[in-house]
Every structure is written in C-alpha cells, then in structure tokens.
Amino acid sequence: MGRKKKIEFLMNTDWMFEKPIDREHKEYKLLSYFQKMGEKLDNMELYPGFIELSLHLANVQTLLKDRKLLYTNKRFSSVDDELLVKDLKIKDVPEMSNDEYQEFLKILTYSAPRMFEYFGIAKSVWETVFDSINLKVKKNTKNILSQKGYFYYTVNDKINVWEYEKKPAAKNSPESKVFVNLIYSENKKDLTMPKIINTFSKWNTEDKTKLPVIEMISRGEFPIDETLLPLFKRKLISYVDQKQIIENYKKQKEELNV
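Residues numbered from 1 in each chain as written. Predicted model: local features only at pLDDT ≥ 70, side-chain atom pairs only at ≥ 80, totals over all residues. Heavy atoms only, no water.

Student: Any chance you could break down the pattern of salt bridges for me, citing the residues and the numbers?
Tutor: Working definition: two side chains of opposite charge can pair if their charged atoms are close together. Going through the model one piece at a time under the given rule, you end up with 15 salt bridges. With a shortest N-O distance of 3.0 Å, Asp80 and Arg234 are connected by a salt bridge. Note that Asp80 is positioned in the loop between strand E1 (68-72) and strand E2 (88-92) and Arg234 in helix H5 (residues 224-257), a separation of 154 residues in sequence. The residues Asp80 and Arg234 share a single accessibility class, namely buried. Its salt-bridge partner being Glu215, residue Lys138 comes within 3.6 Å of it at the nearest N-O pair. Within this pair, whereas Lys138 is found in strand E3 (residues 133-139), its partner Glu215 is found in strand E7 (residues 213-218), the two being separated by 77 residues in sequence. (Salt bridge = Lys/Arg side-chain N within 4 Å of Asp/Glu carboxyl O. Helix = DSSP H or I, 4+ residues; strand = E, 2+ residues; numbered from the N terminus. Buried < 20%, exposed > 50% of the residue type's maximum accessible area, 1.4 Å probe, protein only.)

In structure tokens form, the structure reads like this:
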C-alpha cells in the first residue's frame, strides 16, 4: 500500500506577516489564494479547501478582535479531517516596526471583508451539495444506532461500498466523527450487497449481517473523495444523531409514564 498523500493548505495563517509586509503585495497574495480556491470550487472540490478557508476566517476574526494569530500544527489524516477547538493554537503577532504595523492594519482591513465574503460563497456551495444528498437505510433499520455499518453509492454503473464506524471526534468530545474504509469499487456484476460485504469487509465479526446498510444518493455528480464522501459522513452523523434524540425522547416519555 502506498503512502497517504500529505494534506497541505494553500496558504499559512501567518501570510500577512511574511516579508514584505506591504498591502499591495498582500492583495496579490490574497487574490492568488482566492483564484486557486475558485478553481477547486469550479470543479466542485470542497475539501480540504473548506477546512482551510474556515481556519483563515477564524484567524481573521481573532486578529480583528485580539490582535492574536490563530494557527494549527495538526497533521491531517484525510482531506476532510475536521479541526477541533483543541487543535487550534494562538500566539502573539510578530514584532513589527511602526510602518509595518500600519501596513498590517491596512492589510487586515482589506482582507477581512473579502475573507468573509468568500467563505459565504464556499458555504453556499457546501450547502448545495449537502442538500442534494439523500440517505436511505436499506437493511437493518432497527440497528441504525449501531456505531458500525456500511454505506454505498452508485455512479455510472460503478458501486462504491464503505464500511464505517462512528466514534467521538476526540476524548470526552460531544462531537462525532465517522471513520470509513472503502471495501469495494467496481461494477456490481452479479454480486449482491450481502455477498460484497461478506467477501470484502475487513471486519472480523459475526454481526456483519446485522449491521445497517445505507444507500447514499446524490442529485448531482460531484467528486467523490473531495466532496461526496466527506458529506456522506456528515449526512450520516446528522441522521444517526437525530434518531438518537428521538430514541432518548421516547425513553424519557416512557419513564415519566411509569
């Protein structure tokens, strides 16, 4: 198995302080960043760009409010690996001469509204794709609250099947994260879903037949790795969490009626 491709951002959060600290120079740098991001959005590639843009927006807000620099040293494990609060670090802005500091203020004043505006554009694309995705539980609906299962997506007669596991995003975190493993990505031929799962699933468990099987449907064709798969995972978390809330409500209601 080859090495995973290292996930790198297009621009560091300390870009405003790279020499020279000059407004015109930084305007070109910001424009270059937006152009690169624009190319990815034109291709409907949301990740890892959306995570990076979120970090830049948070950094601009921190600079505006506290004159502090926000950054992360996190090593991303996948293109859609989320940034948690614990992953963010803050430090003082670099020492600058008075002239450089005045230029920095001009750069910040110029950059902030444009970063907000561009994030809004990216967010609208994200929401468009997310809303285009439907989730259908095809088997073992009663076990949907299980932390494990399978989901699949078919495009151009090719079926992609993943096994998934839902875990806390971090220790003691209320947020969840879905870890996936692609087990099949070919034409279905005469294979049934149970046969695909029993033949290709990496899990050594007797409960494979009891785990939920989910079909993901998208009303548009989008890149799988950079867009659909990240949003499949988020759609799954949203669906399971909603089911958990309903289940908790039912239990509370039963307890009150005892």
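Student: How would you explain the packing of aromatic side chains if you had to name every residue and give the values?
Tutor: Tallied over the entire structure, the rule returns 16 aromatic pairs. For the ring pair Trp126 and Phe130, a centre distance of 5.0 Å and an interplane angle of 15° mean the geometry is stacked. One end of the pair, Trp126, and the other, Phe130, are both in helix H3 (residues 98-131), 4 residues apart, so they sit about a helical turn from each other. Assessed through its relative accessible area of 16%, Phe130 is described here as buried. Among the aromatic residues, those joined into a ring-pair cluster are Tyr47, Phe50, Phe119, Trp126 and Phe130. The aromatic ring of Trp203 is capped on one face by Lys148, whose charged end is 4.8 Å from the ring centroid. Sitting above the plane of the Phe179 ring, Lys167 keeps its charged end 5.2 Å from the centroid. (Phe/Tyr/Trp six-rings, centres within 6.5 Å; stacked < 30°, edge-to-face > 60°. Lys NZ or Arg CZ within 6 Å of the ring centre and 35° of its normal.)

Student: Now, about the packing of H3 against H5: what can you tell me, with residues and values included?
Tutor: The description of two helices packed together rests on the angle between their axes and the distance between the axes. Contact geometry of H3 with H5 gives a least axis separation of 10 Å together with a crossing angle of 70°. Compared by their axis directions, H3 and H5 come out roughly perpendicular. Crossing of H3 over H5 shows right-handed handedness. Here Trp126, Val129 and Phe130 of H3 come into contact with H5, specifically with Thr227, Leu228, Leu231, Arg234 and Lys235. The residue makeup of the contact of H3 with H5, split by class, is 5 nonpolar, 1 polar and 2 charged. (Axes fitted to C-alpha atoms, helices over the stretch in contact; angles between N-to-C directions. Parallel < 35°, antiparallel > 145°, perpendicular 65-115°, else oblique. Left-handed = near helix turned anticlockwise from the far one by under 90°. Contact = heavy atoms within 4.5 Å. Nonpolar A, V, L, I, M, F, W, Y, C, P; charged D, E, K, R; others polar.)

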